[in-house]
Amino acid sequence: MLYIGATIFVLFLAIDEPEHKVWNGLFWVTQLFICINAVAKSFLQESRGRMLYFYSIVSPAHFVLAKLLFNSLLMLLMSLLSLLLFSLLMGSPLARPWSFMGLVLLGGWSLSMVFTFLAAIAARAQQNAAIMAVLGFPLIIPQLILLMKISNAAFNPVITFKATDLLLLGALDVLVGTMAVILFPFLWKD
Amino acid sequence: MKQPPKYMYRTWWKLLCVVLLIYTIVGGLLFPVPDLPALEETIRNLYFHVCMWMAMMTLFSFSIVYSIFYLRSFDLKYDIYARQFATTGILFGLLGYATGAIWMSYTWADPNNPVFKSFGALAREPKLIGTAIALLIYFAYLVLRDSIQDMDKRARVSAVYNVFAYAMLFPAIWIIPRLLPSLHPGQEGNPAMKPKDIDSTMLMVFYPAIAGWTLLGIWITTLKIRLAIFRENKLSQNQKNPLSDS
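Quantities reported herein were computed from a predicted structural model and do not represent experimental measurements.

Reading the values: the criteria
- Residues numbered from 1 in each chain as written.
- Chains lettered and ligands numbered in written order.
- Predicted model: local features only at pLDDT ≥ 70, side-chain atom pairs only at ≥ 80, totals over all residues.
- Heavy atoms only, no water.
- Helix = DSSP H or I, 4+ residues; strand = E, 2+ residues; numbered from the N terminus.
- Buried < 20%, exposed > 50% of the residue type's maximum accessible area, 1.4 Å probe, protein only.
- Areas by Shrake-Rupley, 256 points an atom, 1.4 Å probe, with all protein chains shown as cover.
- Axes fitted to C-alpha atoms, helices over the stretch in contact; angles between N-to-C directions.
- Parallel < 35°, antiparallel > 145°, perpendicular 65-115°, else oblique.
- Left-handed = near helix turned anticlockwise from the far one by under 90°.
- Contact = heavy atoms within 4.5 Å.
- Nonpolar A, V, L, I, M, F, W, Y, C, P; charged D, E, K, R; others polar.
- Buried area = accessible area lost by both parts, 1.4 Å probe.
- Salt bridge = Lys/Arg side-chain N within 4 Å of Asp/Glu carboxyl O.
- Polar contact = N/O pair within 3.5 Å; in protein donor to acceptor, adjacent residues only side chain to side chain.
- Expected span 1.5 Å × (residues − 1).
- Phe/Tyr/Trp six-rings, centres within 6.5 Å; stacked < 30°, edge-to-face > 60°.
- Lys NZ or Arg CZ within 6 Å of the ring centre and 35° of its normal.
- Disulfide = S-S within 2.5 Å.
- Core = buried A, V, L, I, M, F, W, Y, C linked by side-chain atoms within 4.5 Å.
- pLDDT = per-residue confidence, 0-100.

**Comments concerning the overall build of chain B**
At step 1: Secondary structure summary: chain B contains seven helices and zero strands in total.
At step 2: Scanning chain B from its N terminus toward the C terminus, one meets helices and strands in the order α-α-α-α-α-α-α.
At step 3: Counting all 246 residues of chain B, 47% fall into the buried class.
At step 4: Accessible surface for chain B amounts to roughly 12,700 Å². Of this, 67% is attributable to carbon and sulfur atoms.

Right under this line is the structure:
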């Protein structure tokens, strides 16, 4: 929370009232970093003992689904907060705030899904968050490109949202979810 | 003792590879090509540039297949295969960039501007971004793999990442470029893959060229795999010897 506030405040001090392309770019980059910081904790903070406890009470698929769900909710909250702060501090060039909000929620959800699974991998590698960035950035670029492209429509009343793009984003999320359920049991065993 | 699979020792496909590549180079440089504006003779690069990407994708696909084999059997030799296929894939990706850069400097670059200056504009190409992502992912795979000490855990974690990355990557490099504006051919489908897009004499060189370069990639990889397995066996023997002496 403090992280969101501080980041956006620094951006606010550095530039005021950016034009909409810059606004869009900054917003998604901020989202990306918020997501890494929020979600990375979920696996890296778990102690060995607690993992062993979870191991004894639930199946890996349930465990990873619970993690995904929790991180998605967390990220949705964070996304809303950062959208609010962005609009307060940096001005709001949005032509369609409600649809943009929907998109932000969808985007936050996909970001959190991908990074939850990567956090699981990074935790197995016993590394800090740095390896998560190395692993995650190339994977997340396609989704970010897609998100920025779709969200451009929210700034301009003339362009309409394309249903196929949104479906594609949803399909990617479903893909990540299934991959996580299939692959997590392999990471889980010690 | 680990043993490389039998197909790596067979000679027929290596001979086929050599023959196909000689045919590609001779035919590619000598056969007539259609004279198109702006492309002219540079179209001959099709036999090299596009084939590099085909070979790269095939090698990465081999890599993921072996990663899945590893996850099913937990046999460490599959892990070695997956890694070697990934590195050769990276090599072919870099070669694809190199051939693409040569081609680009004759066709896309503004003749009034030095190539270096127009680079920023050209690097925004979605296909270039897509491949940059692919290469970064596989570099990340190597980094991840080398950062873990324990052999079994290293194999398992990197295999999981390989599968996950491949599943995320391939939709991305096939779908995203088609959504963004591009100078690169192939906006509407698979470039040069539909027979009607391409002159029939060129097809006669193009298909063998793909096969030849891909086989070359597999050949290089099998040599590397054999070397890696040899090194591993040597290492385990060295570890055993002091015990057996005492």
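Having seen the model, we can carry on.
**Considering the packing of helix 1 (residues 2-14) of chain A against helix 4 (residues 60-90) of chain A**
Residue and element names in this part refer to chain A.
At step 1: One can describe the packing of helix 1 onto helix 4 by two numbers: an axis separation of 10 Å at closest approach and a directional angle of 25°. Considered as vectors, helix 1 and helix 4 are oriented roughly parallel to each other. In terms of crossing hand, the pair formed by helix 1 and helix 4 is right-handed. Of the residues in helix 4, those in contact with Ile4, Gly5, Ile8, Phe9, Leu11 and Phe12 of helix 1 are Met78, Leu81, Ser82, Leu85, Phe86, Leu89 and Met90.
At step 2: Among the residues forming the contact of helix 1 with helix 4, the class breakdown is 11 nonpolar, two polar and no charged.

**Examining the interface of chain A and chain B**
At step 1: Contact residues are listed per partner, giving 29 residues for chain A and 27 residues for chain B.
At step 2: Of the roughly 2,600 Å² buried between chain A and chain B on both sides combined, carbon and sulfur atoms contribute 83%.
At step 3: Remark: the boundary between chain A and chain B carries zero salt bridges.
At step 4: Linking chain A to chain B there are two residue pairs in polar contact (both at pLDDT 80 or more).
At step 5: Counting only elements with at least two residues in the side of chain A that touches chain B, the list comes to helix 5 (97-124), helix 6 (129-155) and helix 7 (163-188) of chain A.
At step 6: A per-element tally of the side of chain A that touches chain B places helix 6 of chain A first, with 11 residues.
At step 7: Within the side of chain A that touches chain B, the residues separate by chemical class into 21 nonpolar, three polar and five charged.

**Brief notes about the pattern of salt bridges**
Residue and element names in this part refer to chain B.
At step 1: Across all of its chains, the model carries two salt bridges over all chains by this definition.
At step 2: The shortest N-O distance in the salt bridge between Asp79 and Arg145 comes to 2.5 Å. Separated by 66 residues along the polypeptide, Asp79 in helix 3 (residues 76-107) and Arg145 in helix 5 (residues 126-147) bring together distant segments of the chain.

**Examining helix 1 (residues 12-30) of chain B**
At step 1: Taking 1.5 Å as the rise per residue, helix 1 of chain B with 19 residues should run 27 Å; its terminal C-alpha atoms sit 27 Å apart, in good agreement.
At step 2: Along helix 1 of chain B, the positions that sit buried rather than exposed are Trp13(B), Lys14(B), Cys17(B), Leu20(B), Leu21(B), Thr24(B), Gly27(B) and Gly28(B).

**Comments concerning the packing of aromatic side chains**
How two aromatic rings sit relative to each other is set out by the distance from centre to centre and by the angle between their planes.
Residue and element names in this part refer to chain B.
At step 1: Throughout the structure, instances matching the rule amount to 20 aromatic pairs over all chains.
At step 2: Grouped by ring-pair contacts, the aromatic residues Phe62, Tyr66, Phe69, Tyr78, Tyr81 and Phe85 constitute a single cluster.
At step 3: One residue, Lys77, lies across the ring of Tyr78, its end atom 5.4 Å from the ring centre.

**So, helix 4 of chain A**
Since the α-helix advances by 3.6 residues per turn, residues separated by three or four positions end up pointing in the same direction.
At step 1: An ideal rise of 1.5 Å per residue puts 45 Å on 31 residues; helix 4 of chain A measures up with 43 Å between its terminal C-alpha atoms.
At step 2: Following helix 4 of chain A by one or two positions, Gly91(A) adopts a phi angle in the positive range, close to 80°.

**Focus on the side chain of Ser72(A)**
Residue and element names in this part refer to chain A.
At step 1: Structurally, the position occupied by Ser72 is in helix 4.
At step 2: Judged by relative accessible area, Ser72 falls into the buried class, the value being 6%.
At step 3: A polar contact is formed between the side chain of Ser72 and the side chain of Trp109, at a distance of 3.3 Å.

**Some words on unusual backbone geometry**
Trans peptide bonds make up the majority, and among non-glycine residues the majority have a negative phi.
Residue and element names in this part refer to chain B.
At step 1: Positive phi, normally seen in glycine, also occurs at Phe74, with a value near 55°.
At step 2: Assignment of secondary structure puts Phe74 in the loop between helix 2 (46-73) and helix 3.
At step 3: Residue Phe74 is classed as partly exposed on the basis of its relative accessible area, which comes to 35%.

**Some thoughts on the state of the cysteines**
At step 1: Inspection of every chain in the model, using the stated rule, returns zero disulfides over all chains.
At step 2: There is no disulfide at Cys51(B), and the cysteine sulfur nearest it, in Cys17(B), is 12 Å away.

**Focus: the nonpolar core**
Soluble globular proteins tend to bury their nonpolar side chains together.
At step 1: Core analysis: the largest hydrophobic core is formed by 125 residues, its most contacted members being Phe115(A), Leu118(A), Ile121(A) and Tyr161(B).
At step 2: Here the element with the most residues in this core is helix 2 of chain B; it accounts for 15 residues.
At step 3: Not counting residues up to four positions away in its chain, the partners in contact with Tyr161(B) are Leu118(A), Ile121(A), Leu135(A), Leu139(A), Ile137(B), Ala140(B), Tyr141(B) and Leu144(B).

**A short note on the packing of helix 4 of chain A against helix 5 of chain A**
All names here are of chain A.
At step 1: As a packed pair, helix 4 and helix 5 sit with axes 8 Å apart at the nearest point and diverge in direction by 140°. Here helix 4 is positioned oblique relative to helix 5, judged by the angle of their axes. Handedness of the crossing formed by helix 4 with helix 5: right-handed. Residues Lys67, Leu68, Asn71, Ser72, Met75, Leu76, Ser79, Leu80 and Leu83 of helix 4 form the contact with helix 5, whose participating residues are Phe100, Met101, Val104, Leu105, Gly108, Trp109, Ser112, Met113 and Thr116.

**Examining the environment of Ile36(A)**
At step 1: Positionally, Ile36(A) belongs in helix 2 (residues 20-44).
At step 2: Linking Ile36(A) and Ala119(A), residues 83 residues apart in sequence, is a C-alpha distance of 8.8 Å.

**Quick notes on the confidence of the model for chain B**
All names here are of chain B.
At step 1: Across chain B, pLDDT averages 76, with 72% of residues at or above 70.
At step 2: Within chain B, no element has a lower average pLDDT than helix 4 (residues 115-122), which sits at 59, and none a higher one than helix 2, at 86.
At step 3: Counting interchain partners and residues more than four positions distant, the pLDDT-below-50 stretch residues 187-192 has 15 contacts.
At step 4: Among the scores for the predicted complex, ipTM is 0.80 and pTM is 0.79.

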